[in-house]
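For reference, the chains in residue letters:
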Amino acid sequence: MNLILKKNLFLLYMFSLVLFFSIENFSQVDSSEIIIEDNVDDLLPDLDIETDNSELFNQIEELYSSKIDLNSDDLETLQSIPAIDLNTVNLIFNHRKKFGDFFSINELYSVQGLAKEQADKIIPFVTITQEKINYNQIEFDEASELPLIKKINLNYRSRVQNDLQDRAGFIDGDYAGSSYKIYNRFIFKVYDNYQAGFISEKDAGEKSFNDFTSFHFAVRDLSLIKILVAGDYNIEFGQGLVLWSPYGFSKSADAIYPVKKKSRDIIPYTSTDENKFFRGAALSVTFSDFTLSGYFSKNKFDSNTDSLTNGILSISETGLHRTQSEIENRKAVEETFIGGRVDYNSQEWIKAGLLFFNSKFSNHFISEKPFDLEGNNFSYNSAYYNIYLEKINLFGEWAYDGKAVASLNGLELPISSSFSYVALIRNYPSGFSNLHGFGFGEQSGSTKNEFGIYNGFRWKSFVGTLNFYYDQFKFPGATFNSPLPTSGDEILVDLDTKPLKGIQAKFRFKLENKEVTESINFEDQIAKRLKQNIRVELIYDISKSLRIKNRFELADYSIKDAEINDKGFLFYQEMRYLPIKNLTIYGRVAFFRTDSFNSAIYVYENDLIGVFNNIALFGEGIRWYFLARYKILDYLQLSFKYAETYKPQEDALSSGNSLIEGNIDNKLSIQIDVKF
């Protein structure tokens, strides 16, 4: 560990130098990225897998750029703001009824019962009528007098990421392309009414610079047209049982917000998931309280097909085309999708809708296990409701795929101005198939083979904000971890408090009991697996420009019947520093040690804007990174990140084509953002 200690001392020395030279400096950096990151950190799903959830980051970024009107948007729309619950929305609505329209967003600080910290979180996502520009609401002569530059919003993002260590796939020649991962995104808007976008991406190992491309053109709020999208798009309906984006919020430290999904209806596609979107056209038109929508798509996606029957063995969701087999599976199957829906929205107390769609595939799905997809033609019917009765919100969805009915029903109840309660029952039969859904549940987004009951509450007191949930679940059919029916439950306690001015303390305890298949006495048996995590976090706002965060986390993984008891710990120190105007610097050093991958500790770290990774740390070593963002001009920002994982006890890292000879895994990332 001598090398580790030396490295740590060096890093601490560098941090000290930074602090010494700049502790008195104050900056005026645009805080939008910081606000988005803080919200992402609070809503990060507690996943036990490494995943890129960039779509969730895009969703919060879109909410930030297309602000919600405090005076005209409805109760449902306000609830889409991160971390806001029905209780908070009721406080805002009561204030508006009592005193009339808000004259400024800062009036939120005078809303009775709304804490300053809560208002601080809401303000970045809202505006008021006078501030919101809508092309349709401006007379032609008035619009023509506006400078052209004020009618246009342009956003260009270009990113390059590269591993600095050679992986086996490149050395052995198994990968067709270079090690660079390249991303480009161009979004062009005229007010909030017209939008065009183009995205291209090349993953590491892929040959083509534009291995994945996506495009769209969208029109919003034009006469009867609520939204029209030509090109690539996605659809969100009800609670996501049959149609939703590739990723969704799930169980997290926020016990209330992620439970009820807030549908965005038709969404222009701006993500890089290469298989879970539609390509064609979608339209919604509004007549009074009714909205009618129609969809058509013809899109190809990756799959592993049988060489003899040409049947679909499995759908590939990685989007990687590096090796010969991955290239052969590229866009191997075509889906023709057609559907429609009708929504009723009274604005005051009820929103409901009906949906039908049909998906027909060019190849048949081959069933290898009971309840696997079989055939090539699938039809779905679904209905959702969202009802407000006084302070109670009832919501849910039922879906039928021709064989089974899936359902989800929930209740949100603000018991007092400081106490909110939510309950949800979900029932996804084993025989229910899921092509494009992402329902709330234990198996993130799976929306099949699960029954669960979720209870959670948020309590704001003089001590702080306490989030708690208890989730019980069972799987009637086989899962990845077991060929037999299994069950489990989960508890989370999260306390966020501010004991002293400038100091924030967080305590989190999570316990999960789950039945899994384990080899006991050389025989596979169902056994109870217990996972526990305890986290303590201290955040110090040393000055307006400097924030220090310390986290200590313990992990415990045990299967008593198999005499497995693995433990692990993580400690990190993180800095967010704004030394001069328009420059933001992040740095983190994390020490970790776990007995095995079973007790791995998953941690989210700041990255380039739009990159959202959940990293598993296991074994023994150090993970550190340095991230800087500099706003060169008002419309131009440059970002840079270097990250490294060092495991002194290892001779090689990872495996297969990802294998690295040596004990260092490091990556360099650069991004440029142009926005005006």
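Scroll up for the structure.
None of these values were measured; they are calculated from a predicted model.

Quick notes on the rules
- Residues numbered from 1 in each chain as written.
- Predicted model: local features only at pLDDT ≥ 70, side-chain atom pairs only at ≥ 80, totals over all residues.
- Heavy atoms only, no water.
- Helix = DSSP H or I, 4+ residues; strand = E, 2+ residues; numbered from the N terminus.
- Contact = heavy atoms within 4.5 Å.
- Areas by Shrake-Rupley, 256 points an atom, 1.4 Å probe, with all protein chains shown as cover.
- Pairing = 2+ DSSP bridges.
- Core = buried A, V, L, I, M, F, W, Y, C linked by side-chain atoms within 4.5 Å.
- Buried < 20%, exposed > 50% of the residue type's maximum accessible area, 1.4 Å probe, protein only.
- Expected span 1.5 Å × (residues − 1).
- Patch = residues over 30% accessible without salt bridge, like charges linked within 9 Å, V, L, I, M, F, W, Y side chains within 5 Å.
- Salt bridge = Lys/Arg side-chain N within 4 Å of Asp/Glu carboxyl O.

**Let's talk about the overall build of the chain**
Then, in step 1: Across its full length, the chain carries ten helices and 34 strands.
Then, in step 2: For the chain, contacts bridging at least 24 residues in sequence account for 59% of all contacts bridging at least 6.
Then, in step 3: Counting every atom, the chain has about 30,800 Å² of accessible surface; 57% of that belongs to carbon and sulfur.

**What about the pairing of strand β4 (residues 152-163)?**
Then, in step 1: Judged from the eleven bridges that link them, β4 and strand β5 (residues 180-190) form a sheet pairing that is antiparallel. Along β5, the bridge assignment pairs Val160 with Ile182.
Then, in step 2: Inspection of the sheet shows β4 paired to strand β34 (residues 664-675) by nine bridges, in the antiparallel sense. Looking at the pairing, Ser158 lines up with Ile672 of β34.

**A few points about the nonpolar core**
Then, in step 1: Residues Tyr233, Leu243, Tyr295, Phe337 and Tyr454 are the most contacted members of the largest nonpolar core, which totals 42 residues.
Then, in step 2: Listed in part, the 29 residues of the second largest apolar core include Ile60, Leu63, Ile92 and Ile122.

**Observations regarding unusual backbone geometry**
Then, in step 1: Positive phi outside glycine occurs at Asp265, with the angle close to 60 degrees.
Then, in step 2: With respect to the helices and strands, the residue Asp265 is situated in the loop between β8 (225-235) and β9 (266-268).
Then, in step 3: In this model, Ser654 sits at a positive phi of 65 degrees, which is unusual for a non-glycine residue.

**Structural notes on helix α5 (residues 86-99)**
Then, in step 1: Compared with the 20 Å implied by 1.5 Å per residue over 14 residues, the 20 Å span of α5 between its first and last C-alpha is a close match.
Then, in step 2: Within α5, burial applies to Leu86, Asn87, Thr88, Val89, Asn90, Leu91, Ile92, Phe93, His95 and Arg96.
Then, in step 3: One or two positions beyond α5, positive phi appears at Gly100, with a value near 90 degrees.

**Things to note about a nonpolar patch on the surface**
Then, in step 1: A cluster of nonpolar residues, Ile580, Phe626, Tyr630, Ile632, Leu633, Tyr635, Leu638, Phe640, Ile670, Ile672 and Phe676, forms a patch on the protein surface that exposes about 920 Å² of accessible area.
Then, in step 2: Those elements that place two or more of their residues in the nonpolar patch are β30 (620-633), β31 (636-646) and β34.
Then, in step 3: When residues in the nonpolar patch are grouped by element, the largest group, four residues, is from β30.
Then, in step 4: Mapped onto the elements, Tyr635 comes out in the loop between β30 and β31.

**Some details on the environment of Ile187**
Then, in step 1: Position of Ile187 among the secondary structure elements: in strand β5.
Then, in step 2: Accessibility expressed as a relative area gives 9% for Ile187, which makes it buried.
Then, in step 3: The spacing of Ile187 and Asn155 is 32 residues in sequence and 5.0 Å in space, taken between C-alpha atoms.
Then, in step 4: Ile187 has contacts with Asn153, Leu154, Asn155, Gln195, Ala196, Gly197, His216 and Thr270, leaving out every residue within four places of it along the chain.

**Section: the pairing of strand β11 (residues 290-301)**
Then, in step 1: Every second residue of β11 is oriented toward a common face, the buried set being Thr291, Ser293, Tyr295, Ser297, Asn299 and Phe301 and the non-buried set Phe290, Leu292, Gly294, Phe296, Lys298 and Lys300.
Then, in step 2: One ladder, built from twelve bridges, connects β11 with strand β14 (residues 333-345); its direction is antiparallel. Directly across from Phe296, in β14, lies its bridge partner Ile338.

These figures come from the coordinates and say nothing about function on their own.
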